[in-house]
Every structure is written in structure tokens, then in C-alpha cells.
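# Summary of structural features
Read off the chains here:
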Amino acid sequence: MQMEYEILEKNEDFEDDTCVKSSSHFEQASEFFSYLPILLNSIDDNTDNGEKDVEQERILRKLISLIDPYQEQPYLLDPHLENMVKPIVDLFRIYIKSFNAQDLFFSRNSKDNLAKDNKIQMSNKIKRLFTLMYYLMKIRGYKTIVKFFSHEVSDLEPTYYFLVALDSQDYTGWEARYVLLIWLSLICMIPFDLKTVDSLADDTEGKKFPLMDHMIQLSKYYLKATGKERDGAAVLLSRLLTRRDIAEVYLADYIQWAQGEVKDNKDVFTITGILTSLCAIYKLGQRQTLLPTLEIAWPCLSLLEDNKIFANNTLVRKMLVKLAQRFGLCYLKPKVAAWRYKRGNRSLKDNLGDNSKTTSIDPLNINQSLREVVDDDDEIPHQIEEIIEILLNGLRNKDTVVRWSAAKGLGRIAQRLPQELADDIIGSLFELFSENTYKHNDVLELSAVSDHTWHGVCLAVAELARRGLLLPERLSEVIPWVSKALKFDLKRGTHSIGAHVRDAACYVCWSFARAYEPKVLAPHVAELANSLVVVSVFDREVNVRRASSAAFQENVGRLGVFPHGIDIITTADYFTVGNRVNAFLEISVKIAIFEEYKHHMIDHLRTITISNWDKRMRELGAKALHNLTRLDLDYMINIVLPYLIPLATSPDMDTRHGALLAIGEICLSWSLIKGNDKSWIEEHEPLITRISDIIESLPDTLFTDFGSEVTVKAAVSHIACLAKANWPVTSEIMGNWKWVVRDLLTRKDEIGQEMAIDALDAIIFHYGIEKKEILKYPFILFHIASLLYLSKKILGFVLALGVIRYDKIPECLELCVDSLILSSKLQETKMWNDPETRRNAFTSFTVISKNLGESFKTFCSKSIFDKMIEAAFIGLEDYSVDLRGDIGSWIRKASMMYLGVICPLMARLDQKDPKCKPWLSDELIKKVFGELLKQSVERIDKIRTCAGNILTELLYAKSDDGGNWLFDITGREVLQSILPKDEEIHWISPLELYPRMIKLLALPEYRLEALTGFVIAAGGLTESLIRHSSSTLLEYASELPNTSTPGTFTLSEFANTLLEIFRKYERQDRVVIPLLEVLDLLLETETLQKIDPNSFSFEDLFECVKKEARTREIRKLDCCTRVFCGMTTLNEKLRNRSLYQLLSLLVHSFPKVRRLTADQLYLTLTASIEDEESEEMLQIEDILTNTDWNNPVPQLKEIRNQLYPLLGLNLPVFRSSTTS
Amino acid sequence: MGLLSILRNIRQKEKEIRLLVLGLDNAGKTTILKRLNGEDINTISPTLGFNIKTLEHNGFTLHVYDVGGQKSIRSYWRNYFEQTDGVIWVIDSADRMRMEDCKRELKALLQEERLAGASLLLFANKQDLPGALADKHIREKLELDSIVTHHWAIQACSAVTGENLLRGMDWVVEDIASRIYSIE
């Protein structure tokens, strides 16, 4: 169970890997370029045709689907972008110029150029190309894509007026409008006076000119759009208004307008549009041009005071923080940090060796010295203080995007500040760190701090550090906070928060690597390296482990001062730390080999991980401690165990659980290290006694209170570990242990029971168990006396019986086996039945057989063996069903597993003792194979797989001398040809399996079992299963020869086998219903009709079906009806007998059955009777189709009785009817 | 917004370099660009406007902006300054008459605060022409040694023959790559 659990967990972690598909290049390039021309050429094709339209739409979607997966790695498209974008743009240009939209515009001379009438209607073909272009911009970013657009003077007017002429409300054209706005933003970068480009411009007017008036007006209009056009308009505006010629004339007006709108407008789209445009303008523009406008724009920052409705809008808040930053950057002159060149190289490769590359320019012609520009006493505007305040507050915002924007803003602004002011910011950050902290016993308590704030502050520290603004003097102050942030984890109820803080703390560490020289960081290396290692290996979250490992790697690469850095980054890389189990159990050991890290890692586990809120973390932590014990046993003995022992009785449930597990694991590892040398027991006696006493010292209430199962489980796995360590304990303590184990054994939780069994197994193995204890535990007589009230509780004990070592107390064997057999059987009283108990009985059989092993025959008599085998065969027939479905399958599986163990074991023992009559007779072997074959074609795929694997294993098992097959079975050649040794068979795939296994029917030895399996599968519930099994079966049957030649399998034998199944499973619906379904199919395909009537008794078959028809199961009745209908085609006698049955079903007490029968009968008669037009036939049809079969039965009987003569049947003599 | 996505963005940004090619008209800016991009250089006319080329070089993506050098256009150069990592200043080494012009424009350019920190590569172009000044003379004429605000290098070259263009590009890309990014 533990194993399965871990595998599950592994899968969980791996999902994270698989969802990010990574490639090395644009794999679908050739496919893309084979489809693109179809869309391009479609423009010239004037034959409009709906079919083509659909096809082109399909191609568009195809093209999008080819590039869409590259959203995560869009740069892979780069080598192909030019060939993708250029041809489309060329088409756009031709298309746009063909409209001559400006003439249209001028001739109309309408002032209101946004009026809805007279708009250009784009064809779908061109819209598709715009859509494709939009997707390219979405995936790669418009900035990259637009570089491939044309930008000539002659593009400006046609493109602009085309956009004007588009219907701004057409919801299918928004991609085109967005692309055009972006395109215009490029065109308007032309280095010419735009006024000279405007055909409407008049030399006499002032500096304003019509084209620009219109463009700004149109952009403002789109700035309010609800869709993507808003972003496009903001980009266009920022490009226009930051041009020097335009800015002079238009910028102030625009800012004025924007500020007014921001103050009064309540429309969220308008507000975000305007804010986006302002952010872009203050980013692109030249500082000197923008400075005068700042005063006008300043009130925008207090937007939320005027417009409270936006207080909850994340985007608006983010934009405001960003705008504050941009304002700040405008006030301040950029500075260049000279250290940028001093601190290392961007390429890690260079630092790790390979620095052979030298420039080939004559060194004399190069100047790479920079003179630090001395701060000219630029006055810092007072607004900066307010801006920093806004940004610092932004760090505490509840939305990540806002905090991130604020952090970046602080970094950028601090870069332009004089040193002392930048340092003030650092001081403020420390204040934010300490906000809401308090000292408790001289320890800083973080439980009241805001995780948002810590996250924001970490990001800001990282941004400052990255820019070299966190001066080395401050480092010793910041490192303690960072260390705390790296392990930030606040309990909130049943979980905890803080993964984002830890992640941001990794970012801080990553930035350190970029900002400092090795000698600056040297005093803190030990602390940083240790913290990062611990987080890389022992953090709960995969992204934090990876972030930490990335930060570690950056430090190693750039600074090279982390001890054993290179060894560690090759061990704990992005992929290896991705899997938590692997990180905890494997990677940790490889790193802890280095002295510098070992104790810090162990300390983290003992102090933090064992108290983690997540149980799986505590379990993994304990296991990791087990593995680390090998590396430093003394530390465990002297420090860790003494620390953990008091925690085992901690009032905190999680800590108690973690400590109990950890102590157990460490002790087990301790004993394994010492092996046979037992001197440690005396040497550490006091400690050993303290550990032995732990369970005793747990208060009784912990075992009874609410939530006690966590503690009980922890105690039991603690005991299991100590028992496996053969811990020296007194008999009193042992008694106590057994009591605890028994407590868990009686609980319903199955995982707990398995843990208890694990512990009990170890106890019995190392300390033995006495007969009187076996009897004292209610092991034996439980079900006889007390099954009623124990019910669920016994199933653990059933497993317990398995782990007793009977070679030590052989006298108990028979008694125990008997009680196991008893519990393996279906109980007559239904409510006593418990499938888990039955399954566990067989599991115990397996364990007993394995434990006895070679000495099986010494301790177990043949009669006991026979009993066990017998029980296993009964178990194979367990088809119980309850609300959970085919729960019998668990028992069948357990029985098969048992047979898979005992058969080879016994066969080998028999061979060793050739004089004695073998216990495993040939007949028995044949039966085992038959049963396994039957299970291997059944309907549950897990069962098929289990049976199939055991089957192949047994089939190819060799005897100990190596030469011969272990099992001498009939039909080996056929079996081997069906199941070749070296071929992997997919037992779960019906498509592959059934055609393969059908050949089994040729073997008379296994025919009955195999055919039963086939029939059940063919009547199953899963569509693919039915399809493949029934088609395989029908095809096989139809190809069987009809005449009997000796040694071949004939159709009549096939039918006789079916009959045999009918008899064997009489009235067992599980088999009979599928069998009826199969019969129906065989009759429908006229396969059975081919049989020579002398070799098969259809009457017997009829009788069987008739018997089964006495049921109240509707599905079964439906099958019977269909089979009866099928049988009307066999011969005169059977036709009549079947019709009698059908006619009586017509008046069945269930209306549904009556309706079904009428339908079936009608179908059968119209299909089979040749003389369709006869008078009788018309009457019959009339009766069958026009009668409402929902009417009361007596009324229907009269109608039904008319049918007898019409069908040429005598009216039967009815017994006095009891139906009302 | 986790570290891993921050790193992905940073790494991507660091792979992209924005270069601005400037210089007086007829210095050979477009020719150099076309030569670097392997295009035909026989039919080049004065750049009325600007060109953008995206090139690959030593694993970096270079976005190269080439803006026309006519006097009337020069005042618009500043529209292209944002986020520039390096400036390639192209000089017609044979145009002794306009060396003074060239010096003035270069000086003015380097005053621009948005170009602070950008690497400066000077191509002493047209070395294939008779009468072309040698790089060391140009260095004197343009008073390059007074430039202390930027890393700079001068490289004699010929766009027509392609000689030494790669050397210059290697230097500018290397110089940009060797600093740690901090200015966005």
C-alpha cells in the first residue's frame, strides 16, 4: 500500500512536467507553410462558394492550432516570422489600397466619420488573414510581429482611412481593427513631419492638421472599446503623442482630456484604456517633453479617491501603481550603474570555464573604461516621496500583479535616486518586513504578519538587489529576513500559506548572485547556501523547490563561492527536484554527504518538516531522516533523538505524529547500521530506554479522542520500525505495543490495518507470539461466536492470521487455516458478508505459503493444503455485486494471486520429493489453468491482466534443474502459440486480446471455461469490450465446420458447450443473461441454424431458455423474448413452442415486457413470413401494432387470443387464471 | 509571477538586443545592414524613412533599426532611442568635408540620456575608396578619446566588400552581452 501511495504521489508531481510541452524548434513549420498559401490565394478567387468558405475557415483554425502551442516558447517561431508575416502584409496593402478609402472619405466629406452608414464590408477571406495576424501578435507579442509590417509614407493615409471606414461595431472584425491600430502605430514612426503627409493639410492653418485631429479622435474612440482595440488604440496614441512634432502640439491637450475623463468617467473600459495609454506615453516619451505635462496628469493618481467603484478592480489598481512609477521615472534623470560591467558575465558558461573567446577588434581601438558620472546636485522633486509612498503601499496589495508592478517600480526609481535616498527605501522595506511581528521569548514571531506584504517586500528587495542598489553594508541586515522568508510558512487552519513568499525569497537570492562580488557575499555564504539547499530539497511545493535550485545555480555560476556548488547543481537540478519523493529520499542524501550542509538539512527536518501540516510531508521527512542517519549516526543519537523524544508527546497532533514517525525511522536505520553488532544496546541504554517508554507515556486519551487515528497510526508505524529494529523491550512494553497494534487492527480504515499488519509481522518475526496469545486475541473463534457484532472489525484479524509464523507454532496452523477458510466463504446470512474479509483470507493464504516456503510440507499436511486450494477455487467463483460494483473481483484476484504463489512452490516441492505422490496433481494443474484462462478473457480489464500475467508466468516456469517446464500441462503447444513468451500482451485491450484468445476454444480441455469467459465478456457492459468479444466470437463460430471430422472442433460441439454452460450456471443471471445475448446474436446471424439437427438438441436449448424465462428480471425477459423470436426460425415444432411462449409473454404482468414482446414479435413475423400480403398476416400486424399494450391484462388477453388461430396454433387450455 | 516565470522572461529579454544604426546620409548604413543580412546591395537608394531588420548573431536576436541620415530626418532620430542597447555609428571615411558635421552630430547624440549606457560601435566605412581616412585619423577627427560615457570601439570596414563588418558586430554584441542587464 505504501508503495502504491508513493507511486501516486510521483505521478502527481510529474504532471507538472508534462503540462509544459517544450520543443526545440517550430516543428510544424512546413505544415504551416503548406496551408498558408491556400488562405493567401483565396483572396484572388472571386467565385464565392459556401463550401470553400467552410474549408478556408477550417484551414484558418488549423493554422492557429499549429502556432498556438508555442504560447509558452514563442521565440521558437522567430526564424519563420518574416515568411509568415510579410506575405500577409503585402496582401493587406494591396487590399487596402484597392478601396481607396480616403477618396471615399473625402468625397463624402462627412464630419462624422464614425457614422454607421457607408462602411466598408470586409470579405470573410480578408478577415481570416487579419484573424491569423492577430493570433501571431497574441502569441509572439505585437512588438515583434509589427516589425515585419511595411511603414512607408504612402501607407499612412490609405491604412488610416481604411480603418476609419470599417464598421467599429462589427463583432467579427475586431481582429482587423486591432491589427490596423497596431500597424498605424508603426507607420507613424516615419521620420517626417506628418503634416506634410496629410493631403488635407492647409499651409495657412496653425500647427494642428486634420489628419492628426482625426487620428487622435479615432484613437480616443477606440480607447473606450470593450475589446482588444482598446490596447491597440493606447499603443497608437502613445506613438503619435510622443513624436516630437506631435507632442508639441497635441500632448498637453490629450493629457488634459485624459485627466478629466479619469476624474469623471465611470466606465471601467474607458478608464483602463486611458490609463494604459498614459502608462505607454510616459514610458516612450522623452523626459523633457513629458515633464511639463506631469502637473496636469498628477491628479490621475488619486483616481480611487474620486472613483471608489474601481477600488476592487485589479487592473485599475495595477495601472495606477504603474503610472506612479512612470511619473517617478519622468521626474528623475536616468543613471548608469558602472558596476553592470564589473559583476560577472551573463553567460554562466563563461564563468564555468570556456572563456577562450576574444574580440577581434584591435584592442587599441576599444575603450571600455567608463567614468562614473558624478551626481550633479539635481534636486529631487518632492513628488517622488509621494510616488514612493504609493509604490510601498502597492507592495502590500492583495493582488500579486499589483505587488509585482510596485516592486519593479521601486527598483527602477531607486536606480535613479541618490544613494542615501535609495537607502531610505531599503529602510522602509525592513519596516514592512517587521510589520506585525513581535518577540516571544526572544524569538521573532511571524504568525500575525501578512503574507501579501512579505511577498511584495521580497520582490522589491530582489528588484533592488538585482540593480545593485542594495548596498553591501545592508546585506547583513537583509539576510536574516531572507532566511526567514525562504522558510515562510504560516499555519492557517488545516493548511498553511506562504509558498509565494518562499518563491519570492528565492528570487532575492537569485538577484544577490547578479549584484554582488563574491567577497561581499562571502560572510553570508554558509547561511544562504544552506537555506537554498534545504528549500530545493525539502520544500513542499514543486515550483519553490525549482525556484530555489535555480537561485542556487545562479549563485554557483556567478560567484562560485558556494561550497561544492558544482556537485550540488548537477545533483539537484530543475528535473531531479521536480519529484518530491525523489528530492526527499535520494537527492537529500547525495547533498548531505557534504559536511557543510548535513546538519542544516537534518535540523530542518527535525524542527520544521516533522511539524508540517501536511501528513505526507511528515512521512517523507521521517523517511528522509532514516536515510540521513547513515551519514551521521552520532548526530542523530546525541542531538536529534533527544530533541525528538519530548515532541512525541507534544500536545500538537501534527508534531506528535511527525516525531513518532521520525524516531521510529531513525532507530530502525540505527539498528540496520549496526547489524549484528549489538554492543550499541548497552552503550546507549538510557536513551534506548527512553525511546522504549514513549508509547507507554502517551496518554490514553490520545487513543480514544476525536482524531485519535492519526496518533494511533503514528504509534503503530513507530512500533513497526522499532520492532523491525529488534528493539530491546520488556515484556510489559511488548504487551503495550501489541495492545496499540490491536487497537489499529480493529479500526475500519484499511490503510491503518495494513500498517498494523506490517507492525505485527515485525513483532511476530522478531519476538514471536504464543499460542495462548493467538487464542487470546480473538483471532480464531471470532466469527463463530461474534461475527454478528464484529463484522468490519474482523478483516484486520484475517490478515493477522497470515503473518503468524506457523513454523514456530505448527499446532495452530490447522485451526487458523480453518478459520481463514471459513471467513473466505460467502456467508449464508447476507449481512455478515464482507468482501474485504474474504479477500484478506486469500491474501493471508499467500503470506502463509510464502513464509513457510521450502518447509511447507514439513508443517502443513496434505489435507490442509487441499482445503486451501479448494477454497481458492471457490473464491474464483465469487461474483458478488454490491453498490460498489463487481466486488467479487477483489476476491477472484486474491485467489489467483494465491494460486500464482502456491502452484509453483508446490510443484517444486513435489519435484524434490519424487517418491511421494505429488500434492499438485495433473488434474489440479489443468483446473488451475482452466480457471485462469477463464478469468483472462473476462470483462474487467484488471482481472484479465492479473490472470494473464499469472498464466504466462506459470506457463513458462522452469523447474529448478532448469531443463524442463515446471508444469506438465495438456495443450501446451497451443497455449504457447497463443501466448508467445517474448511478446507483450495487452490484456486490457479487447481489440488485441479476443482475436488472440479465441483460439483457445480449439482445446477441449479448457473449452468450457474459456467459452464461459467469452460469453460473459460478450454480454458485458463496456461497448468496446462487447464489440470485440462478440464479433470475435461470432466470426469464430460462423467459420466452424459443420461436419464432424475427428479431432476438429465443430459448430455443434460449440453449441453443446453453450448448452453445458446453460446447465452449469442455471438461473445465475450473471452468466445466463450474457449467454442469452450471445444466443440471440447467433440466431440473428443464422449461425445456429446451420447446425445439423441430429448432432444438437435444440429442444434442450429451448427448455433451458424456457426455464430462464421464469423471472421478474426485465433485462433477462427481454433477452428471452429475443431468443424465442430467433427460435421461431429453427423448425416447425420449435417455432410453435416459441410462439406459445411469446404469446404468453404478451400478457405478462409487466407492461414493459408486453410492449417489448409485441415489438419483437412484429419484427420477427414481418421478416420471416414469406407471404406478407396474406389476410392473416395483415390482421396479426394490425393487432400487434395497434393495440395499446399498456392496457389491463384481462382486456389484452382477449385480443391476444385472436392471435393463436391467426398463427396457426391451437388455443391452449388455460388454467384458471389468478391474475386480476 | 513565480521566480521560474520571471527567469524565463529575463532570459528571453537578455537574448534580444536592440541596435540603432545612425550616421550622416550616404555613410552606408543601409548597405551595411543589407550586407549583414546577405541581401543584394546594388540597388540601394537613400533611406526615406527607416528600416527594421531582425538578425541572428551568436545566439542573440538583434533588432536593428536603420534610420535615414538626411539632415531633415536627423531631428526624428530621437523617436527611436527607447531601450537601445547599442548604437552603430557609420562614417563615410572618404567624406573628409563633412567630418566636422559628423563629429557634431555624434556629440549631440551622446548627450541623449536615453542612450546612456549603450555601447557605441563606430564603423569607419568605405575603406575601399581611394582617399579614405584611416581609423586612427577618424578617431582624432571625431575626438573619440573624449568619450567616457560609453564603451566604444572603432573599426575600419567596407560595406561593399564586407570586410571587417563581422569584427565590429562581434564586438558590439559581446560588449552588450558582457554586462548584466538591469535597465529595462
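Residues numbered from 1 in each chain as written. Chains lettered and ligands numbered in written order. Predicted model: local features only at pLDDT ≥ 70, side-chain atom pairs only at ≥ 80, totals over all residues. Heavy atoms only, no water.

## Concerning the sheet that holds strand E6 (residues 152–156) of chain B
Filter applied, for reference: By definition, two strands form a pair when at least two bridges between them are found by DSSP. What counts as a helix is a DSSP run of H or I of at least four residues, what counts as a strand is a run of E of at least two, and both are numbered from the N terminus.
The mixed open sheet is built from 7 strands, whose spatial order is E1(A)-E6(B)-E5(B)-E4(B)-E1(B)-E3(B)-E2(B). Bordering the open sheet on either side are strand E1 (366–367) of chain A together with strand E2 (50–57) of chain B, each of which pairs with just one other strand. Pairing analysis gives 7 bridges linking strand E4 (residues 86–92) of chain B to strand E5 (residues 119–125) of chain B, with the strands arranged parallel. If you follow B:Asp92 over to E5(B), its bridge partner there is B:Asn125.

## Brief notes about the UniProt feature "binding site: Mg(2+)" (unreviewed entry) in chain B
Residue and element names in this part refer to chain B. Quick reminder of the rule: UniProt positions are given in the numbering used here, feature names are shortened, and annotations may be inferred rather than shown by experiment. The contact criterion used is simple: two residues touch if any of their non-hydrogen atoms lie within 4.5 Å. Residue exposure (1.4 Å probe, protein chains only): buried if accessible area is under 20% of the type maximum, exposed if over 50%, otherwise partly exposed. Here a polar contact means two N or O atoms within 3.5 Å. Within protein one must be a hydrogen donor candidate and the other an acceptor candidate, and residues neighboring in sequence count only if both atoms are side-chain atoms.
Those residues carrying the UniProt feature "binding site: Mg(2+)" (unreviewed entry) are Thr30 and Thr47 in this numbering. For the residues just named, distributed over 18 residues, the greatest C-alpha separation is only 7.4 Å, placing them together at one site. Tracing the backbone shows Thr30 in helix H2 (residues 29–36). When neighbours within four sequence positions are excluded, Thr30 is seen to be in contact with Ile44, Thr47, Asn51 and Asp66. Turning to its location among the elements, Thr47 is positioned in the loop between H2 and E2. Thr47 gets classed as buried once you look at its relative accessible area, which sits at 12%. With residues near it in sequence (within four places) discarded, Thr47 still touches Thr30, Asp66, Gly68, Gln70 and Ile73. Of the polar contacts made by the side chain of Thr47, one reaches the side chain of Thr30; its length is 2.6 Å.

## Examining the environment of A:Ala406
Residue and element names in this part refer to chain A. With respect to the helices and strands, the residue Ala406 is situated in helix H21 (residues 400–416). Using a relative accessible area of 0% as the deciding quantity, one classes Ala406 as buried. For the pair Ala406 and Ser844, spaced 438 residues apart in sequence, the C-alpha separation works out to 64 Å. Apart from the residues lying within four places of it in its own chain, the contact partners of Ala406 are Val321, Leu391, Gly394 and Leu395.

## Quick look at the UniProt feature "repeat: HEAT" (unreviewed entry) in chain A
Mapped onto the present numbering, the UniProt feature "repeat: HEAT" (unreviewed entry) falls on residues 387–424 of chain A. Secondary structure content for residues 387–424 of chain A is 82% helix and 0% strand, while the C-alpha to C-alpha distance between its ends is 14 Å.

## Thoughts on the packing of helix H3 (residues 50–67) of chain A against helix H6 (residues 124–140) of chain A
Residue and element names in this part refer to chain A. Put simply, the rule is: Each axis is a line fitted through C-alpha atoms, and for a helix only the stretch in contact is used; angles between axes span 0 to 180 degrees, taken between their N-to-C directions. When an angle is under 35 degrees it counts as roughly parallel; over 145 it counts as roughly antiparallel; between 65 and 115 it counts as roughly perpendicular; any other value is oblique.
At a closest axis distance of 10 Å, the pairing of H3 and H6 adopts a crossing angle of 10 degrees. By the angle between their axes, H3 is roughly parallel relative to H6. Contacts from Asp53, Gln56, Glu57, Leu60, Arg61, Leu63, Ile64 and Ile67 in H3 reach Asn124, Lys125, Arg128, Thr131, Leu132, Tyr135, Leu136 and Ile139 in H6.

## Considering the pairing of E6(B)
Test applied: Call a crossover right-handed when, viewed with both strands pointing away from you, the route from the first strand across the helix to the second goes clockwise.
Taking burial as the measure, the 5 residues of E6(B) include 5 buried ones, the bulk of the element. What you see with E6(B) is no split at all: B:Trp152, B:Ile154 and B:Ala156 on one side and B:Ala153 and B:Gln155 on the other are buried throughout. Pairing geometry for E1(A) and E6(B), over 2 bridges, is antiparallel. Bridge pairing links A:Asn367 to B:Trp152 in E6(B). Handedness of the crossover joining E5(B) and E6(B) through helix H5 (residues 135–141) of chain B is recorded here as right-handed.

## Comments concerning the side chain of A:Ser1030
Relative to the assigned elements, A:Ser1030 resides in helix H54 (residues 1023–1039). Of the residues examined, A:Ser1030 reaches a relative accessible area of 10% and is grouped as buried.

## Concerning the packing of aromatic side chains
All names here are of chain A. To keep it simple, the criterion reads: Classification of ring pairs uses Phe, Tyr and Trp, with its six-membered ring standing for Trp, and accepts pairs whose centres are within 6.5 Å; under 30 degrees between planes counts as stacked, over 60 as edge-to-face, and the remaining range as tilted. Look at NZ for Lys and CZ for Arg. If either is within 6 Å of the ring centre and within 35 degrees of the ring normal, a charge sits over the ring.
This structure, assessed with the given rule, holds 47 aromatic pairs over all chains. Residues Phe26 and Phe32 carry aromatic rings whose centres are separated by 6.2 Å and whose planes lie at 65 degrees to one another, so their mutual orientation is edge-to-face. Note on Phe1049 and Phe1054: the rings are 6.4 Å apart at their centroids and 65 degrees apart in plane angle, and the pair reads as edge-to-face. Judged by relative accessible area, which is 8%, Phe1049 ranks as buried. Phe1054 sits in the buried class, given a relative accessible area of 0%. Aromatic ring contacts, followed pair by pair, group Phe26, Phe32, Phe33 and Tyr70 into a single cluster. The aromatic ring of Tyr574 is capped on one face by Arg546, whose charged end is 4.0 Å from the ring centroid.

## Some thoughts on the interface of chain B and chain A
What counts is decided by this rule: Salt bridge, as used here, is a side-chain nitrogen of Lys or Arg placed within 4 Å of a carboxyl oxygen of Asp or Glu. Residues are grouped as follows: Ala, Val, Leu, Ile, Met, Phe, Trp, Tyr, Cys and Pro are nonpolar; Asp, Glu, Lys and Arg are charged; all remaining types, including Gly, are polar.
Taken residue by residue, the interface counts 63 residues in chain B and 65 residues in chain A. One can count 5 salt bridges joining chain B with chain A. The closest approach of N and O atoms between A:Arg140 and B:Glu16, which form a salt bridge, is 3.0 Å. Inspection of the region where chain B meets chain A yields 16 residue pairs in polar contact (both at pLDDT 80 or more). Elements represented by at least two residues in the side of chain B that touches chain A include exactly helix H1 (3–14), E2, strand E3 (60–67), E5, H5, E6 and helix H6 (165–177) of chain B. In terms of residue count, the dominant contributor to the side of chain B that touches chain A is H1(B) (8 residues). Here the side of chain B that touches chain A is built from residues that sort into 28 nonpolar, 19 polar and 16 charged.

## So, the domain arrangement of chain A
Going by this rule: In this entry, domain limits derive from an automatic or database-based domain assignment.
Assigned domains within chain A: domain 1 (208–331), domain 2 (382–597), domain 3 (609–754), domain 4 (769–920) and domain 5 (1039–1207). The C-alpha-based centres of domain 3 of chain A and domain 4 of chain A are spaced at 31 Å.

## A short note on unusual backbone geometry
All names here are of chain B. Phi is positive for Gln83, which is not a glycine, with a value near 50 degrees. Among the secondary structure elements, Gln83 is positioned in the loop between helix H3 (71–74) and E4. The exposure class of Gln83 is partly exposed, given its relative accessible area of 40%. If you check the backbone angles, Lys126 has positive phi at about 65 degrees while not being a glycine.

## Observations regarding the nonpolar core
Our working definition: Among buried residues, those of type Ala, Val, Leu, Ile, Met, Phe, Trp, Tyr and Cys that are joined through side-chain atoms within 4.5 Å constitute a nonpolar core.
Membership of the largest hydrophobic core comes to 450 residues, with the highest contact counts inside it found for A:Met133, A:Phe149, A:Phe512, A:Phe967 and A:Phe1054. The biggest single contributor to this core is helix H48 (residues 888–912) of chain A, with 11 residues. Apart from residues lying up to four places away in sequence, A:Met133 is in contact with A:Val85, A:Ile88, A:Val89, A:Phe92, A:Ile145, A:Phe149 and A:Val179. One finds B:Ile17, B:Leu33, B:Phe123 and B:Val173 within the second-largest nonpolar core, a separate group that totals 26 residues.

## Digging into the packing of helix H39 (residues 731–745) of chain A against helix H40 (residues 750–767) of chain A
Residue and element names in this part refer to chain A. Convention followed: Should the near helix be turned anticlockwise from the far one by less than a right angle, the crossing is left-handed, and should it be turned clockwise, the crossing is right-handed.
Closest axis-to-axis distance for the H39/H40 pair is 8 Å, and the angle between their directions is 150 degrees. For the element pair H39 / H40, the angle class is roughly antiparallel. Regarding H39 and H40, the two cross each other, and that crossing is left-handed. Contacts from Met734, Trp737, Lys738, Val741, Leu744 and Leu745 in H39 reach Gly752, Gln753, Met755, Ala756, Ile757, Ala759, Leu760, Ile763 and Tyr767 in H40. Broken down by class, the residue content of the contact of H39 with H40 amounts to 12 nonpolar, 2 polar and 1 charged.

## Structural notes on the pairing of E2(B)
As paired strands, E2(B) and E3(B) are joined by 8 bridges and run antiparallel to one another. Counted as the bridge partner of B:Lys53 is B:Val64 from E3(B).

## A look at the confidence of the model for chain A
Residue and element names in this part refer to chain A. Inclusion rule: The predictor reports its confidence for every residue as pLDDT, a score running from 0 up to 100.
Residues of chain A with pLDDT of at least 70 account for 90%, and the chain-wide mean is 85. This model gives residues 1–20 a pLDDT under 50, and the stretch forms 22 contacts once residues within four places in sequence are excluded. Note on residues 778–790: pLDDT is under 50 here. Beyond four places in sequence and across chains, it has 26 contacts.

## Quick notes on the pattern of salt bridges
Should the charged atoms of two oppositely charged side chains come close, the side chains can pair. Residue and element names in this part refer to chain A. In the structure shown here, the tally under the stated rule is 82 salt bridges over all chains. With a closest N to O distance of 3.5 Å, Arg1115 and Glu1077 form a salt bridge. With Arg1115 in helix H58 (residues 1114–1127) and Glu1077 in helix H56 (residues 1069–1084), the pair connects residues that are 38 residues apart, well separated along the chain. A single salt-bridge network, built from bridges that share partners, covers Glu1077, Asp1080, Arg1115, Asp1118 and Arg1122.

## Observations regarding a negative patch on the surface
Residue and element names in this part refer to chain A. What counts, and what does not: For patches, a residue must show more than 30% relative accessible area and have no salt bridge; joins then use 9 Å for like charges and 5 Å for nonpolar side chains, namely Val, Leu, Ile, Met, Phe, Trp and Tyr. The protein chains shown are the only cover counted for residues, whose accessible areas, like all others here, come from Shrake-Rupley with a 1.4 Å probe. Note on charges: Lys and Arg go in the positive column, Asp and Glu in the negative column, and His and the chain ends are not counted at all. Throughout, a charge is located at the NZ atom of Lys, the CZ atom of Arg, the CG atom of Asp or the CD atom of Glu.
There is a patch of like negative charges on the surface, built from Asp693, Glu696, Asp700 and Glu732. Take Asp693: it is sitting in the loop between helix H36 (685–692) and helix H37 (694–697). For Asp693, a relative accessible area of 35% translates into the label partly exposed.

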